[in-house]
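The residues making up each chain are set out below.
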Amino acid sequence: MDDIITLDYGSGGIKTSDFIDNLLVPAFDNTPLNKLADGAVLDGAERLVFSTDSFVVSPWKFPGGNIGRLCVCGTVNDIAMAGGIPKYLSLSFILEEGFKMWDLKEIIASIADEAKKAQVMIVTGDTKVVEHGKGDGIYINTSGIGILKNPRLGKEYIRPGDGVIVSGSVGCHGASVMMARSGLLDGDGPLRSDCRILTDLAVAAQDAGNVRILRDPTRGGIATVLNEFVEDSPLTVELNETAIPVDATVASACDLLGLDPLYCACEGRMLAVVAPEDVPSVLDALHRLSGGEKAACIGTITQKRPGQVILNTSLGGRRLLGKLSGHQLPRIC
Amino acid sequence: MLYESYFKKPKDIAGVIAKVRDLAKMTGPVRLMEICGTHTMAISRSGIRGLFLPEIQLISGPGCPVCVTPSGVMDEIFKLSDHKNIVITSYGDLLRVPGSRRGDSLLRRKALGAHVVDVYSPMDALALARKNPGKEVVFLGVGFETTAPGTASCLLEAVRQGVENFSILCLLKPTEPALRTLVESPDFNVSGFLCPGHVAAVTGSDAFAFLPEDYGLPAVVSGFEGADLLCSILLLMEMLADKTPGLVNEYVRLVRPKGNPAAQEMIRRVFEPVTCEWRGLGMVPGGGFKIKDEFSDFDAARRFHLTWHEGKEPAGCRCAQVIRGSLAPGQCPLFKTVCTPQDPVGPCMVSSEGSCAAAFRYEL
Amino acid sequence: MCLAMPMKIKEIEGNSAVGEAGGLTREIRVDFIKDLSPGDYVMVHAGFAIEKMSEKEALDNINFMEELEHAL
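Owing to the predicted nature of the structure, the values given are computational and were not obtained by experimental measurement.

Below, the discussion takes up the environment of D216(A). Residues and elements named next belong to chain A. Inspection of the secondary structure assignment puts D216 in the loop between strand 8 (211-215) and helix 7 (221-230). Judged by C-beta crowding, with 24 C-beta atoms within 10 Å, D216 ranks as buried. Residues D216 and V166, spaced 50 residues apart in sequence, show a C-alpha to C-alpha distance of 9.4 Å. Every residue in contact with D216, bar those within four places of it in the chain, is listed here: N77, M81, L198, C266, R269 and M270.

Have a look at this one:
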């Protein structure tokens, strides 16, 4: 194979076959994929969970991960948050002419690795190549299918008195990507994306108690997701600032760039609203798992201010925690 | 890190808050003003703004250097961004700010093809210019005395390295002249000032002595952490209760009476005072900095023959009054109804230090 | 426009230095800070150190606040 992606790789001809046969199939190796039919024929006649996500992260590599790891985690986690057990993924690339094959191989290896960890199969996919200057290196879409395990998850189940749990420290992914993008980050430093598969944490939480809803706080961070839980409803999320786990390195990076960790994306964290009597058992279950050690109860559902999220500040004041409006720009002020 | 965590909140926070409330009973209702956008945000974000209502109103004054930049200037910047060969570099704070026409902003222009890059430091803009010799790189130099010395250093570095495709649009402003204009205006109604700690780190706390000495107004130079803000409010209330207006430096770990002479010298080396328009205050004598003639080659205003036309304020916009502190964001009829961060009418709603942005985002 | 953060100086070379905060390092300018040594703390705004801070001064600030509180 060549050392860079050229338009030929997207044409459907010899180079495309070469790419599929010698790079993609060996990396993902499973029965439905190996048939290389137009669609993958899959087992299962139960209720399904279906999700899709596209990934355009720049730079494609950041401390703690790359776009490959992210594209598996993103869709797998969405299925897990919806109460499904993730099983199958599709994988579509849009590559810019000139993208280095070496980098693509690294990404594919990450995808294969993460898929294995997630116990999902990549069963179908597509590759397109666009002219130099018409893309941004690499865009990926993954769509996923899972088997529904828990149909009783959703905003409609949230009740006053419920506890709000986060599975770990917040803002790591967003902060590390912004730092990498700004060129400020030391590659081997302590700031890393939190990108990880959440299936086991989701299952453990649901097995340990009555979970009303699960969500992974990606774009917009925990602030945005918590707003989505209660907007247009009579309910309020009341958070305690001191209870929200924020790593010191994330706090420093956010200070440096003028960002707020509560709005920074997490790619390996789970927000759960849980029946009040089950908060201790759910926390206990999460604490026993890798990635859940810092799980904490950060607030409660009340009815004080319909549709809003309130933060009780460390100084004893109260303020609104609104949805993210527009993307966060690195600030000086 | 140098006890920074100590300053997050006072040891005896309940005691401090109780004492402030007691003093407020003695003074009666008071209005205290801060004149630093970072204070605006810190006070709202920490929940302090509502802590002492209704006795103590914490008002935001003209502390956001982006908000006080008139719309006519923004219009000229947008025109500049139209040129295919020009790269506009700016702090993130400016990117959503509209000009005379609603909906226009550097961010929107970028989506339509203009070269706009947000930078953390003017040095990043200079580095960009060095890497792109075929492009004209303009840095939007907005800020007060905290930012001025760095901007000056950057210009001198550009001169030293001969980076001819780099220029600075100097929108820097000193604090004192505008503050005097504000205090001397007929509708001025504030009892005391929280003074900007990082401006004072450069100018020295003595630079704010004119407030008690010339106007009888108590002033406290304040840091930005929770403990700094609460202690500074306490200090102001004590002076008001005793009727002994003076200047106190609360931020002793960073601010010295005479400030940082090397930084002040850097400002003087490159800039000189000029009369300048502040949104909300009109023309302020000595209210701006301009690049000295000897550095005119790196002055974007001269290089691109920019002239400031009087921009029209957008219809119904009350930013001018909000900036002077005579109208609270919530009192503006457009607040939240017509003017939102997604679709702002004026800068106060979208500058990352704007009073309306803080109120929209944080106030209950 | 005062968003700044304290950083510890790790190395200095002319007008540039490496500052560190919370495990993160960044190149900063120190053009107007006199008598700077590695190990010193500075307040950094827009990539420039605007002033030095010493442990003594931090303690002075703490003492100042504590006196204020005791006077309550």
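Moving on from the model shown.
Residues and elements named next belong to chain A. Pairing is mixed across the open sheet formed by 7 strands, whose spatial order is 8-10-7-11-9-12-13. The outermost strands of the open sheet, each flanked by one partner alone, are strand 8 and strand 13 (318-320). In this sheet, neighbouring strand axes are inclined to one another by 25° on average, regardless of whether the strands run parallel or antiparallel. In the sheet, strand 9 (residues 236-240) pairs with strand 11 (residues 296-302) via 4 bridges, with the strands oriented antiparallel. Among the inter-strand pairings, L239 is bridged to a residue of strand 11, identified as G299.

This part covers the nonpolar core. Of all hydrophobic cores here, the largest spans 248 residues; its most connected members are A175(A), A272(A) and V42(C). With 11 residues, the top contributor of residues to this core is helix 10 (residues 226-242) of chain B. When residues no more than four places from it in sequence are discounted, the contact partners of V42(C) are M7(C), I9(C), G19(C), V30(C), I33(C), A49(C), E51(C), K52(C) and M53(C).

All names here are of chain B. With 5 of 5 residues buried, strand 7 (residues 192-196) is to be regarded as a mostly interior element. Relative to strand 7, strand 1 (residues 30-34) runs parallel, the two being bridged by 3 bridges. Paired with L32 across the two strands is G192, which belongs to strand 7. Here strand 7 runs beside strand 8 (residues 219-222); their pairing, made up of 4 bridges, is parallel. Its bridge partner lying in strand 8, L194 is registered against V220.

Glancing now at the interface of chain B and chain A. Accessible area lost upon the coming together of the parts is a frequently used measure of interface size. Each side of the interface is counted separately: chain B has 28 residues, and chain A has 18 residues. Breaking the side of chain B that touches chain A down by element, the ones donating at least two residues are helix 2 (37-45) and helix 14 (355-362) of chain B. Residue contributions to the side of chain B that touches chain A peak at 4 residues, all from helix 2 of chain B. The residue inventory of the side of chain B that touches chain A, partitioned by class, reads 9 nonpolar, 10 polar and 9 charged.

What follows covers unusual backbone geometry. In this structure, P59(A) follows S58(A) across a cis peptide bond, with omega equal to 0°. Topologically, P59(A) is positioned in the loop between strand 1 (48-55) and strand 2 (61-62). In this structure, the amide linkage connecting L53(B) to the following residue, P54(B), adopts the cis form with an omega of 0°. You can see P54(B) is positioned in the loop between helix 2 and strand 2 (56-60). A positive phi angle, close to 50°, is found at H305(B), a residue other than glycine. Position of H305(B) among the secondary structure elements: in the loop between helix 12 (300-303) and helix 13 (319-324). In this structure H305(B) comes out as exposed when scored by C-beta crowding, with 6 C-beta atoms within 10 Å. A positive phi angle, near 50°, is found at D35(C), a position not held by glycine. Within the element layout of this structure, D35(C) appears in the loop between strand 3 (24-29) and strand 4 (41-45).

Let us now look at the confidence of the model for chain C. For chain C, per-residue confidence averages 88 on the pLDDT scale, and residues scoring 70 or more make up 96% of the total. Across the assembled chains, the prediction reports ipTM 0.91 with pTM 0.85.

Rules used in this analysis
Residues numbered from 1 in each chain as written. Chains lettered and ligands numbered in written order. Predicted model: local features only at pLDDT ≥ 70, side-chain atom pairs only at ≥ 80, totals over all residues. Helix = DSSP H or I, 4+ residues; strand = E, 2+ residues; numbered from the N terminus. Buried ≥ 20, exposed ≤ 12 C-beta atoms within 10 Å, placed from the backbone. Contact = placed C-beta atoms within 7 Å. Pairing = 2+ DSSP bridges. Axes fitted to C-alpha atoms, helices over the stretch in contact; angles between N-to-C directions. Core = buried A, V, L, I, M, F, W, Y, C linked by C-beta atoms within 7 Å. Nonpolar A, V, L, I, M, F, W, Y, C, P; charged D, E, K, R; others polar. pLDDT = per-residue confidence, 0-100.

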